[in-house]
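Now for the letters of each chain:
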Amino acid sequence: MSDTKFTLLTVSSLDKIFPDEPFQPQTPCTGAAMFLNERFSFQAAYYLEGPQILHANVALSGSLKDEVVFRQTGLVPSELPIFPEADDFLLRTTPGLYPDPLYPVKEPLTLIPGQWRGLWFTVPAECTLPAGSYDLTITFTCDDGAVLGSCTFTVERLDARLPEQTLLHTEWFHTDCIADWYKTPVFSEEYWTLVEIYMKEAAKYGINMLLTPLFTPPLDTAPGGERTTVQLIDVSLSDGTYTFNFEKLERWLSLCERSGIRYMEFSHLFTQWGAGHAPKIMAKVANTGEGMQEKETVKQIFGWATDAASDEYREFLEAFLPGLMEFIDGHQLRGRCYFHVSDEPSRQHIPAYLYAKKLLESQIDGLPIMDALSDYEFYAQGLVGVPVCSNNHIEPFLENKVPGLWTYYCCGQYQEVSNRFFCMPSQRNRILGIQLYKFNIRGFLQWGFNFWNASLSRYRINPYCVTDAACAFPSGDAFLVYPGEDGPVASIRAEVLMEGLQDMRVLQLLEELTDRDTVIALIEDGLDTPVTFKQYPREASWLLSFREKCNREIIRLLSQK
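The structure reproduced in this document is the subject of the present report.

Criteria and cut-off values
- Residues numbered from 1 in each chain as written.
- Predicted model: local features only at pLDDT ≥ 70, side-chain atom pairs only at ≥ 80, totals over all residues.
- Heavy atoms only, no water.
- Pairing = 2+ DSSP bridges.
- Helix = DSSP H or I, 4+ residues; strand = E, 2+ residues; numbered from the N terminus.
- Axes fitted to C-alpha atoms, helices over the stretch in contact; angles between N-to-C directions.
- Contact = heavy atoms within 4.5 Å.
- 1 Å grid on protein atoms, 1.4 Å probe; cavity = no way out; pocket = protein on both sides within 12 Å on 5 of 7 lines; lining within 4 Å.
- Points joined across faces, edges and corners; volume = space filled by probe spheres on them.
- Nonpolar A, V, L, I, M, F, W, Y, C, P; charged D, E, K, R; others polar.
- Core = buried A, V, L, I, M, F, W, Y, C linked by side-chain atoms within 4.5 Å.
- Buried < 20%, exposed > 50% of the residue type's maximum accessible area, 1.4 Å probe, protein only.
- Salt bridge = Lys/Arg side-chain N within 4 Å of Asp/Glu carboxyl O.

1. What about the sheet that holds strand 10 (residues 147-158)?
If you trace the five strands from one edge of the open sheet to the other, you get 2-10-9-4-7, paired in mixed fashion. What marks the edges here is a single partner per strand, and that holds for strand 2 (31-35) and strand 7 (109-111). Here the average twist between neighbouring strands, direction ignored, is 30°. Here strand 4 (residues 54-61) pairs with strand 9 (residues 132-142) via six bridges, running antiparallel. Each bridged residue has a counterpart across the sheet, and for N57 the counterpart in strand 9 is T141. Lying over the sheet, helix 12 (residues 540-559) contacts strand 2 and strand 10, oriented at roughly 50° with respect to strand 2.

Rendered as structure tokens:
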């Protein structure tokens, strides 16, 4: 193998390794520090020069070898990496293969000459190793045992723990997509098992609030279309009287609590983009005709054909919501649940939204209502109690010091601000945590934890083949995890987002040891302009060195106690 050359080096989690271009790390990285209860990741990049494909095994050694999870970075296609009018803070704009899913390693690895590839190494938050320095040596060997190359990474575990996450964080959880992909009946035991597995995966990545489908969520659904029914509330209708069974909601709550999910956001009670209709609601309807063999029939009683302002739907909500409030109080959920009216209303929808909001408010005894919006006038007029503002329209909310402010991004936030599309550098994903800290943001929402459909749910897709909701949204917008054989396959984007959330907790710990002004000054030390949602350092090296600076300062302050 004299004509074969193998390159292997460790790099930070902020590099993206493409197979079809020369790779140069943004910054050298052979070691880093972490706190005892945080999740930490780094990569090994490898490259083969030679006349033929080789196969290799990977051996781990060193004091960290039994504590790391290592996965192979997979490649998935993107037809729509970004919209045409995007900014230039991107890795590339061309369609092609992008690194994203993190697969379990299946050896031997195939080494293709002329292609850079990557392995992803993670020290989980549950690691029990005490403070100290630990190393991991990564060695590639051929089938005959010959060593192709090796490299070593050193992790310093710092003797401190991060505070619990205070940010409320939801990534919309689409259980219909789980049922559809795995071809399992909704509410079968297999379905509940899969839902719990996905809940635990969500919690692993800092998600502590879950979209809870009281009725099938009226989200990303074409007018007149429908999604697989995942309604948790069993509704019966007999002689004009509704009765409700909350047993499935009780089971859902139990799974949430077992998985580490503390908060619930109840699914929207009116359709998206205008609150014009009711969501799809199924009920067991008593049969009253003579000769009917079945006592009741399951049928749809509300949906696209229902005017949201109709007496029939108002009467339904006035019957249902008191029962839901009894459930909330019986399980001591006040302070842990939020309601939605309609997602992303605009000014022409104000009359419909106001009607729906007042109806909901009349029944929920002051519990919070949150909805995504971008127009400050909606909040100024008192239409939304908890505004969830897009990060590219957040300035008026910040200037007016809106309390308890949330933010979100989706496909529309592709100029200047943080987001997590495939084509964006990972530091554009991770910077969010520092921004959330600086502006005292209460919550963060994103609509796609696992939306594995074409846009408007027109049909189902294979997320390993279609990553842009059928050329509707830039790849990386619609889902954060992929469906694996028995549960989720995580992504680079999920890992880096979690690092950003941990940065927020680091800054909160530093604030506990100093004060807020000191932390803000540390963030902006040496910068030409203060950090905003649109202006922030773009270099991976800045993020990594800033985090290291925070780590050192925390340890210094703790040593003085």
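From this point, things continue past the structure.
2. Structural notes on the layout of surface pockets
Quantified by volume, the largest pocket comes out at close to 560 Å³. Together, 25 residues line the largest pocket, and Q165, A203, G206, M498 and R505 are the ones closest to its centre. Going through the elements one at a time, helix 2 (189-204) and helix 10 (492-513) are the ones with two or more residues in the lining of the largest pocket. A breakdown of the residues in the lining of the largest pocket according to their chemical character gives seven nonpolar, eight polar and ten charged. The computed volume of the second largest pocket comes to approximately 360 Å³. Along its surface, the second largest pocket is lined by 19 residues, and L102, Y103, P104, P488 and V489 are the ones closest to its centre. Within the residue set of the lining of the second largest pocket, elements represented by two or more residues are strand 5 (69-78), strand 6 (96-104), helix 2 and strand 24 (488-489). Looking at the lining of the second largest pocket element by element, the count peaks at three residues for strand 6. The residue inventory of the lining of the second largest pocket, partitioned by class, reads nine nonpolar, three polar and seven charged.

3. Comments concerning the nonpolar core
One finds W252, F270, F316, L324 and F339 to be the most contacted residues of the largest nonpolar core, which totals 160 residues. Looking at this core, the element that brings in the most residues is helix 10, giving twelve residues. For F316, the contacting residues outside a window of four places in its chain are F215, V235, Y242, F244, I281, I301 and F302. Counting residues in each nonpolar core, the second largest holds 30 residues, with Y46, L64, L119 and Y134 among its members.

4. Regarding the pairing of strand 8 (residues 116-123)
Within strand 8, seven of the eight residues are buried, which leaves it mostly tucked inside the rest of the structure. In this structure, strand 3 (residues 40-49) lies alongside strand 8, joined through eight bridges in antiparallel fashion. When the bridges of strand 8 are listed, Q43 appears paired with W120.

5. Quick notes on the pattern of salt bridges
A complete count under the given rule lists 34 salt bridges for this structure. For the salt bridge of E21 with R92, the shortest nitrogen-to-oxygen distance reads 2.9 Å. One end of the pair, E21, is in the loop between strand 1 (5-12) and strand 2; the other, R92, is in the loop between strand 5 and strand 6, with 71 residues separating them in the sequence. Accessibility expressed as a relative area gives 31% for E21, which makes it partly exposed. R92 gets classed as buried once you look at its relative accessible area, which sits at 13%. Salt-bridge contacts for R314 lead to D311; the nearest nitrogen and oxygen are separated by 3.5 Å. You can see R314 and its partner D311 sitting in helix 4 (residues 311-330), three residues apart, about one turn around the helix. Residue R314 is classed as partly exposed on the basis of its relative accessible area of 24%. A residue is classified by how much of its surface remains accessible, and D311, at 46% relative accessible area, is partly exposed.

6. Some words on the pairing of strand 22 (residues 443-446)
A two-sided burial pattern is seen for strand 22, the buried positions comprising G443 and L445 on one face and F444 and Q446 on the other. Where strand 11 (residues 168-171) lies against strand 22, four bridges are found, and the strand directions are parallel. The residue bridging H169 from the neighbouring strand is F444, located in strand 22. Alignment of strand 21 (residues 406-408) against strand 22, held across three bridges, turns out to be parallel. Its bridge partner lying in strand 22, Y408 is registered against L445.

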